[in-house]
Amino acid sequence: MAGLNHKKGEIVNKHPASGIDADILRQYMPPEILQRTGLMRSWSMRMVLAMMGRQPAALADYATRIARFDDNQVWAASPHAASRPGTRFAFAVDQVLNQISMSISVAERTGTTSATTEGSLTNAAMIGGARQLITELVAIEHQQEALDAADRLPAAARFGTLPLDSHRAQLGELYLVTAIAAWICERPEIMPVRHKARRVLLSDIRRAEATAWGVPEAERIDVTEQAALALLDALLANDSTLNAVLGIPAGQSSIPRDRSQRTLMHAGVVEAAKAHLIEYPVRSRDSDVALLNVIAEVLDLERAAGPGAGMTPTEQRRAAKLAAREQRRGGTGKRGRR
C-alpha cells in the first residue's frame, strides 16, 4: 500500500506503517489481508475525493462498500477475519487520519503553515468546515451521526488535534474524518496548488488498488512530470486563447521547465495533467476535452485566488518579505537609517 514520503511530500510504493516494499508484502502477507487493506485505503481516499468534488452519490457508494466489505463471504470465511482489531470502519478511519496528519506535517516541513491556533487554520475552523461538507453531502439518514461525532472534537485545541478512537469508529466518524481531510486539501495555506492534492490522492488510490489485486511493482507505472508536460505541449500547441492566459508566447506550447519560473497557474495546470494521465492512461478526443475543461477550471480557481496567484514562488516570497518589512516600518514606504 502506498504511504507518504514526509521529506518530499510525495507518495511512495511502501506500506504506510512499516515502510516495507509492496513486493515484499506480497511474499509475507496473506492475499486476503492485502486485498482488504488495499481496498479500504483506496475507498477511504475516494471518499475524500468525492467530498472535494461535491459528489454525494460517489461518497455514499464508497462508504457503503467499506461498511459491507466484512460481510463478503470470501473475507468472512478467511481465518484472518477475526484478527482485525476494532470495528469494520476502524482501518479506513485510520487511513484518513494518517492522510490528515501527513498533509499537515508536509505543510509544516515546507513552511506553508505553522499549524498554530492563529489565523484561519484553527481546530474550530476545521470542524466548522467539516460540518458544512457533512450537511451538504452526506445522506440525511447519516448526517446526524457524523455531526454528533464532530461535536465531540475540541474546537479550542491546537489545529489538527483529532482525539478519535479509531478502534471504536462507526460510520459517523468515517464521514467526519473524510470531511476534515477534504477541507484540509482545499486550504490554500496547506495546498497552494489545489490540484496537487487531487493528484496525490489519485496516485495513492492507484497504488492501493494495485496492492489489493496483487499487481507486481514491475508492472506499476508512475505518471511522470515529463509525460504531463508532453501531453500539455501536444494539447496546447494550437490553443492561442489558453496560451495567452498562461503567458506562453505565440507558436510555443510548453509550460516553463524550470519549476521556480512557474506561476501557481502553471503548477496547477501541470498537476491537473498528471491527475488526468492517472485517470485517462489512453489519450482520445474525449479525454482531451476533459483535460481542457479541467485546465479552464484551474485557471478560474487561480484567478479567483486574487493577488499573488500569478507570481512565481520566488516572486511570492520576495513580495511577502517586502510587505513584512514595510509593516515593520509603519507602512510609510521610507527606508530607515542604519
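Numbers given to residues run from 1 along each chain, matching the order in which its sequence is written. Confidence filtering applies because this is a predicted model: local features only for residues at pLDDT of at least 70, side-chain atom pairs given and counted only at 80 or more, and all residues used for totals across whole chains, interfaces and linings. Only hydrogens and water are set aside when side-chain values are computed; all heavy atoms of the structure are taken into account.

**Quick word on the overall build of the protein chain**
Here a helix means four or more residues in a row that DSSP labels H or I, a strand means two or more in a row labelled E, and each is numbered from the N terminus. In terms of regular secondary structure, the protein chain is built from 14 helices and 2 strands. Per-residue accessibility, obtained with a 1.4 Å probe over protein chains only, is compared with the maximum for each type, and a residue is labelled buried under 20%, exposed over 50%, and partly exposed between these values. The buried share of the protein chain, taken over its 338 residues, is 45%. Sequence-distant contacts in the protein chain: of pairs separated by 6 or more residues, those separated by 24 or more amount to 72%. Using the Shrake-Rupley algorithm and a 1.4 Å probe, accessible areas are obtained, with residue cover drawn only from the displayed protein chains. On the protein chain, roughly 17,100 Å² of surface is accessible, and the fraction owed to carbon and sulfur atoms is 51%. The criterion used for residue contact is that any of the two residues' heavy atoms lie within 4.5 Å.

**Concerning helix α5 (residues 90-109)**
Expected span, for any helix, means 1.5 Å times one less than how many residues it has. The terminal C-alpha atoms of α5 lie 28 Å apart, and with 20 residues this matches the ideal 28 Å at 1.5 Å per residue to within 8%. With 15 of 20 residues buried, α5 lies mostly within the body of the structure.

**With respect to the packing of helix α2 (residues 31-52) against helix α8 (residues 171-185)**
To get an axis, a line is fitted to the C-alpha atoms, and for a helix only the part in contact is used. The angle between two axes follows their N-to-C directions and goes from 0 to 180 degrees. Where α2 meets α8, the axes come as close as 8 Å, and the angle between the chain directions of the two elements is 60°. The angle between α2 and α8 falls in the class oblique. As for how α2 packs across α8, the hand of that crossing is right-handed. The segment α2 lies against α8, with Ser44, Met47, Val48, Met51 and Met52 engaging Leu174, Tyr175, Thr178, Ala179, Ala181, Ala182 and Cys185. Orientation categories follow fixed angle ranges, with anything under 35 degrees roughly parallel, anything over 145 roughly antiparallel, 65 to 115 roughly perpendicular, and all other angles oblique. Each crossing gets its hand from how the near helix is turned against the far one by less than a right angle, where anticlockwise is left-handed and clockwise is right-handed.

**Things to note about the nonpolar core**
Nonpolar cores are built from buried Ala, Val, Leu, Ile, Met, Phe, Trp, Tyr and Cys residues. Side-chain atoms within 4.5 Å join them into one set. Ranked by internal contacts, the top residues of the largest apolar core, which has 61 residues, are Met51, Tyr175 and Ile180. Of all the secondary-structure elements, those providing two or more residues to this core are α2, α3 (56-68), α5, α6 (123-137), α7 (140-151), α8, α9 (194-212) and α12 (264-279). In terms of residues, this core owes the most to one element, α8, which gives 12 residues. When near neighbours in sequence (up to four residues on either side) are disregarded, Met51 contacts Leu59, Leu133, Leu137, Val138, Tyr175, Thr178, Ala179 and Ala182. In terms of nonpolar packing, the next biggest core, distinct from the first, is built from 17 residues, Ala228, Leu231, Leu291 and Leu299 among them.

So yeah, pure geometry; function would need other evidence.
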